[in-house]
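Close look at the chain arrangement
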Amino acid sequence: MAEQRVRRPMMAANWKMNKLVREAQEYVSQLLPRIENAEGVDVAIFAPFTSLVEVARMIRDTPVVAGAQNLYYEDSGAFTGEVSALMLQDIGAGAVLVGHSERREIFGESDELVARKTARAVEAGMLPVVCVGETQEERDAGEMWEKCSRQVQRVIEELGELNGESIVFAYEPIWAIGTGATASPEDAQDAIGQIRGLLGELRGEEFAEGVRILYGGSIKPGNVGEIMAQTDVDGGLVGGASLEANTFAELVNGAANHKDS
Ligand code: PGA
């Protein structure tokens, strides 16, 4: 008998800096009917702030979660250009990406900042999807685990008591993002299994078993099945292949069918 999956799979679209409001509207109206029979999978759309308002409005009465791609850890005040957890919740966003490698690499976000943002999201009752991952140079130098474990550990240190369901991690090797070079299923399992092991050491087995850990980096319909089949991989964070409603619907339906219970 197939082992029952304890964690509910998640398929998340990361639109990055793409789509005008009208394009977002078209996308959501195409996506919803195509995934209405997808059971046993959580779906999230991480949209830019400008279209997030409309995405959140359109999916309010559906199980799809509207997510932001960033937040700041203060609630309000003199922080020009920033958006707080309270503001996101105000428009109906339930989840938020934190520490995406593009934020870390292009905008200089430190482990410290990522940790504080994550803690605020959890405290506010939002679901943070915390991204970690190594560059090609770090992988070549044998520093993959040093980098990823440091990123995970710094986030966990910042958090008070919480259960594993309150946070999601995404392992996104930077060399696989937007390059077409997906990590092999074994590499994805290896990194994600190690992350789960570390979570167990830091917060105990029960916590670690409850945390969903996604893989991200050039996911597409042709490779999602073998990646999802890995024991510790609980879903995908999808950039390029999420921009087209049909393709993302295919990924969502694939993840739903992939439940091995
Ligand atoms: P990609 O991006 O699917 O285009 O590689 C993934 C991500 O950056 O979240």
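Residues numbered from 1 in each chain as written. Predicted model: local features only at pLDDT ≥ 70, side-chain atom pairs only at ≥ 80, totals over all residues. Heavy atoms only, no water.

1. Remarks on helix 2 (residues 49-58)
Among the residues of helix 2, Ser51, Leu52, Glu54, Val55 and Ala56 are the ones counted as buried. Its buried side turned inward, helix 2 meets helix 1 (21-34), strand 2 (42-46), strand 3 (65-68) and helix 3 (85-90). (Buried < 20%, exposed > 50% of the residue type's maximum accessible area, 1.4 Å probe, protein only. Helix = DSSP H or I, 4+ residues; strand = E, 2+ residues; numbered from the N terminus. Contact = heavy atoms within 4.5 Å.)

2. Section: the site of the ligand
Taken together, 13 residues surround the ligand, and among them Lys16, His100, Glu172, Gly178 and Ser218 come closest. Within the side chain of Lys16, one N or O atom sits 2.7 Å away from an oxygen atom of the ligand. Contact between the ligand and Gly239: an oxygen atom at 2.8 Å from a main-chain N or O atom of the residue. For the ligand, the accessible surface in isolation is 280 Å², of which the surrounding protein chains cover 96%. (Near = heavy atom within 4 Å. Polar contact = N/O pair within 3.5 Å; in protein donor to acceptor, adjacent residues only side chain to side chain. Areas by Shrake-Rupley, 256 points an atom, 1.4 Å probe, with all protein chains shown as cover.)

3. Points about the UniProt feature "active site" (unreviewed entry) in the protein
Following the UniProt record, one finds the feature "active site" (unreviewed entry) at His100 and Glu172. For this annotated set, covering 73 residues, all C-alpha atoms fall within 8.4 Å of each other, a compact arrangement in space. In this structure, His100 sits in the loop between strand 4 (95-98) and helix 4 (101-106). Using a relative accessible area of 5% as the deciding quantity, one classes His100 as buried. What His100 contacts, discounting residues up to four positions off in sequence, is Asn14, Lys16, Cys131, Glu172 and Ile177. For Glu172, a relative accessible area of 4% gives the class buried. Contact partners of Glu172, with chain neighbours within four places excluded, come to His100, Cys131, Val132, Gly133, Glu134, Ile177, Gly216, Gly217 and Leu237. (UniProt positions renumbered as here; feature names shortened; annotations may be inferred.)

4. What to know about helix 1
Note: α-helices contain 3.6 residues per turn, so residues at a spacing of three or four share the same orientation. The end-to-end C-alpha separation of helix 1 is 20 Å, in line with the 20 Å expected for 14 residues at 1.5 Å each. Looking only at helix 1, the buried set comprises Ala24, Tyr27, Val28 and Leu31. The buried residues of helix 1 occupy an angular sector of 100 degrees when projected down its axis, which confines them to one face. On its buried face, helix 1 is in contact with strand 1 (10-14), strand 2, helix 2 and helix 11 (245-257). (Expected span 1.5 Å × (residues − 1). Arc of directions from axis to C-beta.)

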